Amino acid sequence: AGYCMVLGFTDRLTAWVDFIVVCLLLSVLLGVGVSAVTTGTFSLLAGRFPHSPGLVVSAVEVLGALADVTGPALGGVLWYAGGGELLLVGIVSCSSSILAMALFMLISSFVRNGETKDHPPDSQRPRNDSDGVTLKDVLRKPKNWLVLLLAMYSQFALSFFYPSLSIILKHQHHIHDSQVGLGMMVSGIGYILGAVCFGYLTDTCGCRRIVALGLALSTLGFLLIGSLAMFGFSPSLPCLFVGLVLEGVGASGVFVPLVKYVLDTMDQCGFPRTDHLANIVGSLHQASSGLGLFLGPSIGGGVTAAIGVRRASTLMACCSLSLLIAFAVAVCCERDSPVQSCLRYLQGKLARYHIN
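Residues numbered from 1 in each chain as written. Predicted model: local features only at pLDDT ≥ 70, side-chain atom pairs only at ≥ 80, totals over all residues. Heavy atoms only, no water.

1. Description of the overall build of the protein chain
Looking only at helices and strands, the protein chain has 13 helices and zero strands in total. Moving toward the C terminus, one meets the helices and strands of the protein chain in the order α-α-α-α-α-α-α-α-α-α-α-α-α. A fraction of 78% describes how many contacts in the protein chain between residues 6 or more apart in sequence connect residues 24 or more apart. (Helix = DSSP H or I, 4+ residues; strand = E, 2+ residues; numbered from the N terminus. Contact = heavy atoms within 4.5 Å.)

This is the structure we're talking about:
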């Protein structure tokens, strides 16, 4: 709410340097606020549903993607209806009402947990030994670094063509300006549909297959976006839209199951699933997501302008395929993987044959 209130007065700044500095500072403020809300929301839901991390991540991502899709459309309607003043009043009113509900939840949680004068605070209570896991314990596992890389890459790939997508739609496919926003919503719609499906499948079918499927769909999506034109196929708008949808579905397939994957890894190492561990994993998950959303448009715009859409999409398809191969090798090296089970079975057969 404070960001929106201050942003409404930035057009009164006359010097362009002051305008840019104020906008950058406000963007940093907005990023800190959004990350706090997202991480806190995940922690609250993870504490309520500790055995369904896939559905928790799916719910957070679906609501966030819906906000990303409807936010520009609603903001445009308010802007054209009453200008910046109406847009400012609408956003500040919504943010203030949500802030009031958050304060009510905070006060009720203090009362419910006994944080009053009659009970000592958490800092004076005996600490549970099961909450002894630290950030260093999570980062000490090599597989978790691969998981963080996949989380970062999923959002990196999702936002890679954001800066140049409007140019592609207008110049290559001759889309009218009024329809460019609809075209840019395609990948977000695919992300929402994928998150809805993969959240349930992660908790029921496991997360390894979902991650592999997401990387495969992401590779196919980038091939359809522009790589097929390098092999003699003429670029078409339906092919571009299908590629954007597949890329969005693939990004959600990679991003949603990773929290459960890290929790399972820590569980195998002897760390039980506590709220403290869920908070650490959730914060790392959101940090990797934010890094990917920052690097994606920053690098994607420059790479696409330098080498073109076709080569850029081919490069991203190769990156997705390389990560798929690396993830398959990491899964095969795990003790409980089917490959390791087959190897142990063959070793037992060979040992019996040698004894006989």
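2. Side note on the packing of helix α9 (residues 208-225) against helix α10 (residues 237-255)
One can describe the packing of α9 onto α10 by two numbers: an axis separation of 7 Å at closest approach and a directional angle of 160 degrees. On the basis of their axis angle, the class for α9 and α10 is roughly antiparallel. Remark: the crossing between α9 and α10 carries left-handed chirality. Residues Ile210, Val211, Gly214, Leu215, Leu217, Ser218, Leu220, Gly221, Phe222, Leu224 and Ile225 of α9 lie in contact with α10, whose contacting residues are Cys239, Leu240, Val242, Gly243, Leu244, Leu246, Glu247, Val249, Gly250, Gly253 and Val254. Considering only residue class, the contact of α9 with α10 consists of 15 nonpolar, six polar and one charged. (Axes fitted to C-alpha atoms, helices over the stretch in contact; angles between N-to-C directions. Parallel < 35°, antiparallel > 145°, perpendicular 65-115°, else oblique. Left-handed = near helix turned anticlockwise from the far one by under 90°. Nonpolar A, V, L, I, M, F, W, Y, C, P; charged D, E, K, R; others polar.)

3. Digging into empty space enclosed by the protein
Enumeration according to the criterion identifies four cavities of 30 Å³ or more in this entry. Taken as a whole, the largest cavity encloses approximately 110 Å³ of empty space. Around the largest cavity, the lining residues are Phe42, Ala46, Phe49, Pro50, Pro53, Val56, Leu263, Arg273, Thr274, Asp275, Leu277 and Ala278. The set of elements that each furnish at least two residues to the lining of the largest cavity consists of α2 (16-48), α3 (53-112) and α12 (275-332). Among the elements that make up the lining of the largest cavity, the one with the highest residue count is α12 (three residues). As a volume, the second largest cavity reaches approximately 70 Å³. Contributing to the lining of the second largest cavity are Val138, Asn144, Val147, Leu148, Ala151, Leu258, Val259, Val262, Val281, Leu284 and His285. Taken together, the elements giving at least two residues each to the lining of the second largest cavity come down to α5 (142-158), α11 (258-268) and α12. Among the elements that take part in the lining of the second largest cavity, α5 stands out by supplying four residues, more than any other. (1 Å grid on protein atoms, 1.4 Å probe; cavity = no way out; pocket = protein on both sides within 12 Å on 5 of 7 lines; lining within 4 Å. Points joined across faces, edges and corners; volume = space filled by probe spheres on them.)

4. Re the nonpolar core
Val138, Leu150, Phe161, Leu215, Phe222 and Phe327 are the most contacted members of the largest nonpolar core, which has 59 residues in total. The element best represented in this core is α12, accounting for 14 residues. Among the nonpolar cores identified, the runner-up in size contains six residues, and Phe198, Ile210, Leu217 and Leu224 belong to it. (Core = buried A, V, L, I, M, F, W, Y, C linked by side-chain atoms within 4.5 Å. Buried < 20%, exposed > 50% of the residue type's maximum accessible area, 1.4 Å probe, protein only.)

5. Concerning the environment of isoleucine 280
Looking at where isoleucine 280 falls in the secondary structure, it is placed in helix α12. When its relative accessible area of 9% is taken as the criterion, isoleucine 280 is described as buried. Considering only alpha carbons, one finds isoleucine 280 and threonine 39, 241 residues apart in sequence, at a separation of 9.7 Å.

6. Quick notes on the environment of valine 309
Looking at the secondary structure, you find valine 309 in helix α12. Placed 141 residues apart in sequence, valine 309 and isoleucine 168 show a C-alpha to C-alpha distance of 8.2 Å.

7. Details of the pattern of salt bridges
Scanning all chains against the criterion turns up two salt bridges. One salt bridge connects aspartate 137 with arginine 140, and the closest N-O pair in it is separated by 3.8 Å. Overall, aspartate 137 belongs to the buried group, its relative accessible area being 13%. With a closest N to O distance of 3.0 Å, aspartate 264 and lysine 260 form a salt bridge. (Salt bridge = Lys/Arg side-chain N within 4 Å of Asp/Glu carboxyl O.)

8. Some thoughts on α12
Given a rise of 1.5 Å per residue, 58 residues ought to cover 86 Å, yet the end C-alpha atoms of α12 are separated by just 30 Å, more than 12% below that figure. At glycine 308, α12 is bent by approximately 120 degrees, the largest bend along its length. (Expected span 1.5 Å × (residues − 1). Bend = angle between axes of the 7 residues up to and from the residue.)

9. Looking at a nonpolar patch on the surface
Residues Trp16, Val17, Phe19, Ile20, Val21, Leu24 and Leu25 make up a contiguous nonpolar surface patch of roughly 710 Å² in combined accessible area. Note that isoleucine 20 resides in helix α2. (Patch = residues over 30% accessible without salt bridge, like charges linked within 9 Å, V, L, I, M, F, W, Y side chains within 5 Å. Areas by Shrake-Rupley, 256 points an atom, 1.4 Å probe, with all protein chains shown as cover.)

10. Description of the environment of glycine 214
As for its position among the elements, glycine 214 is in helix α9. For glycine 214, a relative accessible area of 0% gives the class buried. Sequence separation between glycine 214 and valine 249 is 35 residues, and the spatial gap between their C-alpha atoms is 7.0 Å. If near-sequence neighbours (up to four positions away) are discounted, glycine 214 is found in contact with Gly250, Gly253 and Val254.

11. Considerations on the packing of α9 against α12
Remark: α9 packs on α12, axes separated minimally by 8 Å, with the N-to-C direction vectors making an angle of 165 degrees. Accordingly, the angle class assigned to the pair α9 and α12 is roughly antiparallel. Here the hand of the crossing between α9 and α12 comes out left-handed. Contact residues: α9 offers Arg208, Val211, Ala212, Leu215, Ala216, Ser218, Thr219, Phe222, Leu223 and Ile225, while α12 offers Ser313, Met316, Ala317, Ser320, Leu321, Leu323, Leu324, Phe327 and Val331.

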